[in-house]
Amino acid sequence: MSARCATLRRLLAALAACLLAATAQARDCVLVSCNVWMDDASGQAGRYEQLLADLATHDADLIALQEVTPALLERLAAFAAQHHYRLLGGPIEEYGNLILTRLEVTAFQELRLPSHMGRKALIATVLVAGAPTVFACVHLDSMLEDTERRKLQLQAVFAQVGSKRAVVLGDCNFGDGEAENVLAKDYVDTGASDLSPTFDREGNAHARVTGFNDEKSRRIDRIFHSPDLTLDGYHVFRNEDSDHYAIGASLR
């Protein structure tokens, strides 16, 4: 009888392990993107501390950051170690992009963009539920008159990531209805049903400081994905951790 009980316990333990593994694999892949604002003065005065605290609450599987400074990178390295992230990107001289991920990384590259601001895209291939998926963290040129340059940058990024199992996220620096959107016609704009501004000159005091004189509030931070993927749960995190609001979504 005891042998049968022991066998049953082993079978139940194996079944529980399988169920736990299946649950872990079925968990949505949580994504967050934020232009963190390269102002170290306000960052060191407490803004960076609040930013990192808010990033921790998202419990994201992949975080795409733009305008990371060396001072913030040092803090992010400690944050990554504490919360079990791998850092992709760097070294950073003035400011740049960074990816933090808990997913298995199978490939990574920096794509230099046609830019007069030294912009690059970080492109990581990771495994999501065992399937290779490409994520590109972007920060396109930011001057209002840079429309044609941003088009070239989008062309370069989309050509590199391909049209299957791909996500492009970050500060795109163009809003709804602007000419650059045509370059993303083969991708799904995750936040298209929620046109809340991510650069909010009325609601965010930092954005009132950093915006151009004639710049309006716009949804310039985006998450694009290929049609073969399903993303939902899009959200704009309305706080003043930065002059941009962070955005998030979940990959099924």
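This text follows the structure it describes.
Now for a look at the structure at hand.

1. Some remarks on the side chain of Thr125
And step 1. Topologically, Thr125 is positioned in strand β6 (residues 120-128).
And step 2. Non-local contacts of Thr125, meaning those with residues more than four positions away in its chain, are made with Glu104, Val105, Thr106, Ala107, Pro132, Thr133 and Val134.

2. Description of the sheet that holds strand β2 (residues 62-68)
Strand pairing within a sheet occurs via backbone hydrogen bonds; the two strands may be parallel or antiparallel.
And step 1. With mixed pairing, the six strands of this open sheet are ordered in space as β3-β4-β2-β1-β12-β11. Looking at which strands have only one partner, the edges of the open sheet turn out to be β3 (86-88) and β11 (231-237). For this sheet the average axis-to-axis angle between neighbouring strands, irrespective of direction, equals 15°.
And step 2. Bridge count for β3 against strand β4 (residues 96-101) is three bridges, and the pairing is antiparallel. If you follow Leu88 over to β4, its bridge partner there is Ile99.

3. Concerning unusual backbone geometry
Note on backbone geometry: most residues besides glycine have negative phi, and most peptide bonds are trans.
And step 1. Backbone torsion omega between Gly90 and Pro91 reads 0°, so that peptide bond is classified as cis.
And step 2. For Pro91, the location among the structural elements is in the loop between β3 and β4.
And step 3. Of note, the phi angle at Asp59 is positive, near 50°, even though the residue is not glycine.
And step 4. When you line up the elements, Asp59 lands in the loop between α2 (40-58) and β2.
And step 5. A positive phi angle, close to 65°, is found at Glu67, a residue other than glycine.
And step 6. Counting through the fold element by element, Glu67 comes out in strand β2.

Calculation notes
Residues numbered from 1 in each chain as written. Predicted model: local features only at pLDDT ≥ 70, side-chain atom pairs only at ≥ 80, totals over all residues. Heavy atoms only, no water. Helix = DSSP H or I, 4+ residues; strand = E, 2+ residues; numbered from the N terminus. Contact = heavy atoms within 4.5 Å. Pairing = 2+ DSSP bridges. Axes fitted to C-alpha atoms, helices over the stretch in contact; angles between N-to-C directions.

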